[in-house]
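Listed below, chain by chain, are the residues.
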Amino acid sequence: MKKFWKVSANAVLAAALVSSVALVTPAQAATVSQDFSQVQVDTKLKNNVLTNISAMSAYITTGEDGLLRIDQNAVNIVGKETFEVYERGVASLNKAISTEDIKIANGTLVVDKSQLTIPSGSQISPAAYGSFYWWGYALTLTQQESANLAYNLTQSGTVMAAAAAISGLIPTPPTKLVQAIAYAVSLGVGLLANKINFENKGNGVTLNIHYVGFINVTSNP
């Protein structure tokens, strides 16, 4: 029997920051080396998350209370760290569902476009895999990450998993941003995949996720 977790909306995504120094002591050098290793792990994690969207689709379902459930057995398929990103993404989606910013109908995410707004006091700051801006969030992907995301988006039944993956990669995303992600993804994952493939010219793409409900895909220089 599958075991499902109801995910807490308070889960957060930790971001790694690396300090740049001109002269370092041996102890400082060791710290910088550890931080650099963490960045490498995080980069690999992001790719694993995007690669497993299709696989995770079977493990994210809707409960009787209308909230999303994530099957713990997915840990055996994608690994603990990747699972935890999806867990955070599902928590963010459930928070938006609880506030009725997102609804679930016929097994998919539904958002009222008229409710999409830019929240007051939007932050402008860097994060683990991208940056917050007043208009939304820019998620930067490498060439391989872009290709993996595009491929997985073309597989059937990936809307909820894709929304969970993207939301989970953003540290403590505002509910209005999660709502925008759900809306943009629900419009058509195939359309988003085509945009990514068209703009991926060898250096990857950036997903510019706007609070008003669309994802502008741009080529990385």
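Heads up: these notes are all about the structure in this document. (Residues numbered from 1 in each chain as written. Predicted model: local features only at pLDDT ≥ 70, side-chain atom pairs only at ≥ 80, totals over all residues. Heavy atoms only, no water.)

1. A closer look at the pattern of salt bridges
Here is the rule we go by: Any carboxyl oxygen of Asp or Glu within 4 Å of a side-chain nitrogen of Lys or Arg constitutes a salt bridge here. Counting from the N terminus, the helices are DSSP H or I runs at least four residues long and the strands are E runs at least two residues long. Only protein chains enter the accessibility calculation, which uses a 1.4 Å probe; a residue is then buried when its area is under 20% of its type maximum, exposed when over 50%, and partly exposed in between.
Considering all chains together, one arrives at four salt bridges under this definition. Salt-bridge contacts for Glu-145 lead to Lys-46; the nearest nitrogen and oxygen are separated by 3.1 Å. In this pair, Glu-145 is assigned in helix α5 (residues 143-153) and Lys-46 in helix α1 (residues 26-51), connecting sequence segments 99 residues apart. Assigned by exposure class, Glu-145 and Lys-46 land together as buried.

2. Here's the deal with the environment of Ala-96
To keep things clear, this is the line we draw: Contacts between residues were defined by any pair of non-hydrogen atoms, one from each residue, lying within 4.5 Å.
You can see Ala-96 is positioned in helix α4 (residues 80-98). Ala-96 sits in the buried class, given a relative accessible area of 0%. Sequence separation between Ala-96 and Ala-182 is 86 residues; the distance between their C-alpha atoms is 9.7 Å. Excluding anything up to four places from it in sequence, Ala-96 contacts Asp-101, Ile-102, Thr-175 and Val-178.

3. A few points about the side chain of Asn-148
Put simply, the rule is: Pairs of N or O atoms within 3.5 Å make up the polar contacts considered here, provided that, within protein, one atom can donate a hydrogen while the other can accept it, and that residues adjacent in sequence are counted only when both atoms are side-chain atoms.
Position of Asn-148 among the secondary structure elements: in helix α5. One polar contact links Asn-148 to Asn-47, side chain to side chain, over a distance of 2.8 Å. Residues contacting Asn-148, with those up to four places away along its chain left out, are Asn-47, Leu-50 and Thr-51.

4. Digging into the pairing of strand β3 (residues 68-71)
Selection rule: When DSSP locates at least two bridges between a pair of strands, those strands are taken to pair.
Residue alternation in β3 divides its side chains into two sets, Leu-68 and Ile-70 and Arg-69 and Asp-71, and both sets are buried. Where strand β2 (residues 60-62) and β3 come together, three bridges link them in antiparallel fashion. Among the inter-strand pairings, Thr-62 is bridged to a residue of β3, identified as Leu-68. Hairpin connection from β2 to β3: five residues lie between these consecutive antiparallel strands, with Gly-66 at a positive phi of about 90°.

5. Thoughts on the nonpolar core
Cut-off, in case you're wondering: Here the nonpolar core consists of buried residues drawn from Ala, Val, Leu, Ile, Met, Phe, Trp, Tyr and Cys, with membership extended through side-chain atoms lying within 4.5 Å.
The biggest cluster of nonpolar side chains holds 59 residues, and the ones touching the most others in it are Met-56, Ile-60, Tyr-86, Ile-102, Ile-196 and Leu-207. Discounting residues that sit within four places of it in the chain, Ile-60 has contacts with Leu-68, Arg-69, Ile-70, Tyr-86, Val-90, Met-160, Ala-161 and Ala-164.

6. What to know about helix α6 (residues 159-168)
Burial analysis of α6 places 10 of its 10 residues in the buried class, which makes it a mostly covered element. Residues of α6 that are buried: Val-159, Met-160, Ala-161, Ala-162, Ala-163, Ala-164, Ala-165, Ile-166, Ser-167 and Gly-168.

Shape descriptors only; they carry no functional weight alone.
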